[in-house]
Amino acid sequence: MADRVRIGSVSQLSDGRLHGVDAAGTKIIVGKVGESMYAARNRCPHLGFSLTTGPGGTRFSDGEVECPWHSSSFDLCTGENRDWAPGFAGRDMPRWSHRLIALGRKPAPLTTYRVVIEGEDVFVEL
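These lines cover the structure that appears in this document, whether it is placed above or below.

Parameters at a glance
Every chain is numbered on its own, with residues counted from 1 as its sequence reads. Local features in a predicted model are, by the rule used here, given only for residues with pLDDT of at least 70; side-chain atom pairs are given and counted only at 80 or more, and totals for whole chains, interfaces and linings are based on all residues. Computation of side-chain values covers all heavy atoms of the structure but excludes hydrogens and water. Counting from the N terminus, the helices are DSSP H or I runs at least four residues long and the strands are E runs at least two residues long. Residues are treated as being in contact if the distance between any of their heavy atoms lies within 4.5 Å. We define a salt bridge as a side-chain nitrogen of Lys or Arg found within 4 Å of a carboxyl oxygen belonging to Asp or Glu. Exposure above 30% relative accessible area and the lack of any salt bridge qualify a residue for a patch; like charges then connect within 9 Å, and the nonpolar side chains Val, Leu, Ile, Met, Phe, Trp and Tyr within 5 Å. Values of accessible area rely on a 1.4 Å probe in the Shrake-Rupley scheme; residue burial ignores everything except the protein chains shown. For two strands to pair, DSSP has to find at least two bridges joining them. With axes taken as lines fitted to C-alpha atoms, and helix axes fitted only over the stretch in contact, angles between N-to-C directions fall between 0 and 180 degrees. Residue types Ala, Val, Leu, Ile, Met, Phe, Trp, Tyr and Cys, when buried and joined through side-chain atoms within 4.5 Å, form a set referred to as a nonpolar core. When accessible area is computed with a 1.4 Å probe and restricted to protein chains, residues below 20% of their type maximum are described as buried, those above 50% as exposed, and intermediate ones as partly exposed.

**Describing the environment of Ala 23**
Residue placement: Ala 23 occurs in strand β2 (residues 19–23). Residues Ala 23 and Arg 4, spaced 19 residues apart in sequence, show a C-alpha to C-alpha distance of 9.1 Å. Ala 23 has contacts with Val 5, Ile 7, Ile 28, Val 124 and Leu 126, leaving out every residue within four places of it along the chain.

Now the structure itself:
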């Protein structure tokens, strides 16, 4: 059975921004998409860097998270990779360089977690 960890309140986490939080030692990201909240590990599957800190800044819009290091984008709801290593430090790069930026790594999804809301409390199941 998954461990349920409180990560904050609805009022703290439902402002449309991507939030980096600690869930019992696991760094995760949380964001509201539509009327629901979604969570994923705060670690890009490309090189393991944070999705909330980096030279490209935190980028989250319409349920899509973009890595601030190499611009890969992911669907926060499903973890699905939408674009693998198209840039560097928040800047788009020429198409020919994408394989070089990927460093031989294949596209991979984010690790996602189930979010449970009980009253004002937001929990994630690890």
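**Side note on the pattern of salt bridges**
On inspection of all chains with the given rule, the structure shows 8 salt bridges. Across the pair Arg 82 and Asp 75 runs a salt bridge, and its minimum N-O distance is 2.7 Å. By sharing partners, the salt bridges in this structure join Arg 4, Arg 114, Glu 118 and Glu 125 into a single network.

**Here's the deal with a nonpolar patch on the surface**
Taken together, Leu 47, Phe 49 and Leu 103 make up a surface patch of nonpolar side chains, about 270 Å² in accessible area. Within the element layout of this structure, Leu 103 appears in the loop between α2 (98–102) and β11 (112–118).

**So, the sheet that holds strand β8 (residues 81–83)**
Overall, antiparallel pairing links the 4 strands, which are arranged β5-β6-β7-β8 in an open sheet. The sheet is open, and its two borders are formed by β5 (59–61) and β8, each paired with just one other strand. Looking at each pair of strands side by side, their axes are set apart by 25° on average, direction ignored. In the sheet, strand β7 (residues 73–75) pairs with β8 via 2 bridges, with the strands oriented antiparallel. Following the sheet pairing, Phe 74 is matched in β8 by Asn 81.

**Overview of the nonpolar core**
Counting 14 residues, the largest nonpolar core has Leu 18, Ile 29, Leu 51, Val 65 and Leu 76 as the members making the most contacts within it. When neighbours within four sequence positions are excluded, Val 65 is seen to be in contact with Leu 18, Ile 29, Leu 51, Arg 59, Phe 60, Ser 72, Ser 73, Phe 74 and Leu 76. Formed by 13 residues, the second largest nonpolar core is a distinct cluster that contains Val 5, Val 21, Val 30 and Val 122.

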